[in-house]
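# Per-entry structural report
The chain contents come next:
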Amino acid sequence: MGLSQAVEHGWSPVRVSNPDGLGPFVILCDHASNYIPEGFGTLGLQPDDLQKHIAWDPGALGVSQVMSQMLDAPLVESCVSRLIIDCNRPLDAPDLVPSLSEVTTIPANVDLELAAKQQRIALSHIPYHAAIETLVQERASEGLPEPIYVAVHSYTPVYRGVERPWHIGIIHDDDDRVAAPLIAGLQALNQFNVGINEPYSPADRVYYTLERHASALGLPAVMIEIRNDLITTPQEEEAWGTMLSGLLREILEQPLSKKRAHQRGERRRQITE
């Protein structure tokens, strides 16, 4: 099903909340939804599979919404399951349209033809990233500050039989202007096992959205990964969103240094479409 048909049925592949927020943060939720658009069926999966982490990041959207409210920040969320297409992957990634997620085979994605993959890119990947770019351009035209990107994700406590001990992971590349003080703030609370580039790192090709919209332009950014068994209720989402918002506010009390965009020029060339 094409994008125009999806919109006609009252569904949009991307949603932008609080676009006029005056704070400098822009919250991104790449895996906010487990929604499978009309025409795709269940991808050959059981209904229970679509509730699992393979289909989305449970709890991430709830935390993102709290942060959007508390930081007066715009929130951009993908409204399609990553089983259709993963908006946080480069277009040449082998798991852009996953045929195997963790230990689950996605039957409808096995040996997917190029034309079908291109259709999914047009359906969700392109609109999601275009929405981020449009939002930031509009904010710049209104004289609002350059964005500080915060991407919110969640992860499973056990992956392929291996336990993950961290409560939260802070993911960053060589620009740690936001990550370093956020890690320090979390560690100072003495409540959490904080993973630094755990359970993922940019080397795992999970940093595409921030590479494209932040790193390539020399803008500050951080990726937050929360263990999903800690954000299973609205109350837990509220608590995490409130705590993280407070720490991010503290970071603003110290000016962030500038990084020159041309230092990232080659990476920008590689990741833009």
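Rules and cut-offs
By convention here, each chain's residues receive numbers from 1 onward along its written sequence. It should be noted that, the model being predicted, local features are given only for residues of pLDDT at least 70 and side-chain atom pairs only at 80 or more, the latter also being counted only at that level, while totals for whole chains, interfaces and linings use all residues. Excluded from the side-chain calculations are hydrogens and water; all other atoms, namely the structure's heavy atoms, are used. A score from 0 to 100, pLDDT tells how confident the predictor is in each residue. It only takes one pair of heavy atoms within 4.5 Å for two residues to be counted as in contact. Each helix is a run of DSSP H or I of at least 4 residues and each strand a run of E of at least 2, with the numbering of both proceeding from the N terminus. Under the scheme applied here, a residue whose accessible area is under 20% of the maximum for its type counts as buried, over 50% as exposed, and between as partly exposed, the area being computed with a 1.4 Å probe on protein chains only. Each axis is a line fitted through C-alpha atoms, and for a helix only the stretch in contact is used; angles between axes span 0 to 180 degrees, taken between their N-to-C directions. Put simply, angles under 35 degrees are roughly parallel, angles over 145 are roughly antiparallel, angles from 65 to 115 are roughly perpendicular, and the rest are oblique. Crossing chirality is assigned from the near helix's rotation relative to the far helix, an anticlockwise turn below a right angle marking it left-handed and a clockwise turn marking it right-handed. All amino acids are sorted into three groups, where Ala, Val, Leu, Ile, Met, Phe, Trp, Tyr, Cys and Pro are nonpolar, Asp, Glu, Lys and Arg are charged, and the leftover types, Gly among them, are polar. For our purposes a nonpolar core is just a set of buried Ala, Val, Leu, Ile, Met, Phe, Trp, Tyr and Cys residues, chained together by side-chain atoms within 4.5 Å. Side-chain atoms alone can form a polar contact between residues adjacent in sequence; in general such a contact is a pair of N or O atoms within 3.5 Å, and within protein one must be able to donate a hydrogen while the other accepts it. The arc in question is the one spanned by the directions pointing from the helix axis to the C-beta atoms. Helix span is expected to be 1.5 Å times the residue number reduced by one. Any Phe, Tyr or Trp ring, taking Trp's six-membered ring, that has another such ring centre within 6.5 Å forms a pair; planes under 30 degrees apart are called stacked, those over 60 apart edge-to-face, and the others tilted. By the convention used here, strands pair only if DSSP detects at least 2 bridges between them.

## Here's the deal with the confidence of the model for the chain
Averaged over all residues, the pLDDT of the chain equals 90, while 90% of them reach at least 70. Predicted confidence for residues 1-8 stays below pLDDT 50, and this span has 13 contacts to residues more than four positions away or in other chains. A low-confidence stretch, residues 260-273 stays under pLDDT 50, and its non-local contacts, those more than four residues away or across chains, total 24 contacts.

## Some thoughts on the environment of L135
Among the secondary structure elements, L135 is positioned in helix α3 (residues 114-141). Classification of L135 as buried rests on a relative accessible area of 4%. It is 7.0 Å that separates the C-alpha atoms of L135 and P19, two residues lying 116 residues apart in sequence. Excluding anything up to four places from it in sequence, L135 contacts V16, P19, V26, P74 and V76.

## Describing the packing of helix α2 (residues 60-70) against helix α6 (residues 234-252)
In the contact formed by α2 and α6, the axes pass within 8 Å of each other and the chain directions differ by 45°. If you check the angle between α2 and α6, you find them oblique. The crossing of α2 and α6 is right-handed. Of α6, the residues touching α2 (which contributes G62, V63, V66, M67 and M70) are E237, E238, W240, G241, T242, L244, S245, L248 and R249. Residue composition of the contact of α2 with α6, by class: 7 nonpolar, 4 polar and 3 charged.

## As for the nonpolar core
Membership of the largest hydrophobic core comes to 32 residues, with the highest contact counts inside it found for M67, I170, L182, I224 and L244. For this core, the secondary structure elements donating two or more residues are β2 (25-29), α2, β6 (148-155), β9 (168-171), α4 (179-188), β11 (221-227) and α6. Excluding its chain neighbours within four sequence positions, the residues that come into contact with L182 are I170, V222, I224, L244, L247, L248 and I251. Counting 23 residues, the second-largest nonpolar core is a separate cluster that includes L135, A151, Y200 and L210.

## Brief notes about the side chain of R164
Its location among the elements puts R164 in the loop between β8 (162-163) and β9. Within the structure, R164 has its side chain in polar contact with the side chain of T156 (distance 3.0 Å). Discounting chain neighbours no more than four positions away, the residues touching R164 are Y155, T156, P157, Y159, P199, Y200 and R227.

## Remarks on α4
For α4, the complete set of buried residues consists of A179, L182, I183, G185 and L186. Seen end-on, α4 carries its buried residues on one side only, within an arc spanning 160°. The elements touched by buried residues of α4 are β9, β10 (194-196), β11 and α6.

## Considering α3
End to end, α3 covers 38 Å across 28 residues, agreeing with the expected 40 Å (1.5 Å per residue, within 8%). At the C-terminal side of α3, G143 shows a positive phi close to 80°.

## So, the packing of aromatic side chains
Summed over the entire model, instances satisfying the criterion amount to 2 aromatic pairs. Taking the centre distance of 5.5 Å and the plane angle of 35° together, the rings of W11 and Y35 count as tilted. Linking W11 in the loop between α1 (3-8) and β1 (14-17) with Y35 in the loop between β2 and α2, this pair joins segments that are 24 residues apart in sequence. Exposure remark for Y35: the relative accessible area of 33% places this residue in the partly exposed category. Ring plane angle 40° and centroid distance 4.9 Å describe the contact between F192 and W240, whose orientation is recorded as tilted. Residue F192 is located in the loop between α4 and β10, and its partner W240 is located in helix α6; the two are separated by 48 residues in the primary sequence. Judged by relative accessible area, which is 22%, F192 ranks as partly exposed. Judged by its relative accessible area of 8%, W240 is buried.

## Brief notes about the sheet that holds β6
As a general point, the strands of a sheet are linked pairwise by backbone hydrogen bonds and lie either parallel or antiparallel. Spatial ordering of the open sheet is given by β1-β3-β2-β6-β11-β9-β10, a layout of 7 strands whose pairing is mixed. Edge positions in the sheet fall to β1 and β10, since each of these pairs with one other strand and no more. Between one strand axis and the next, the sheet turns by 20° as a mean value, whatever way the strands run. Where β6 lies against β11, 7 bridges are found, and the strand directions are parallel. If you follow H153 over to β11, its bridge partner there is E225. Sheet strands in contact with α2 are β2, β3 (75-78), β6 and β11, and its direction is about 150° off that of β6. Each of β2, β6, β9 and β11 is contacted by α6, which is oriented at about 155° to β11, the strand it contacts most.

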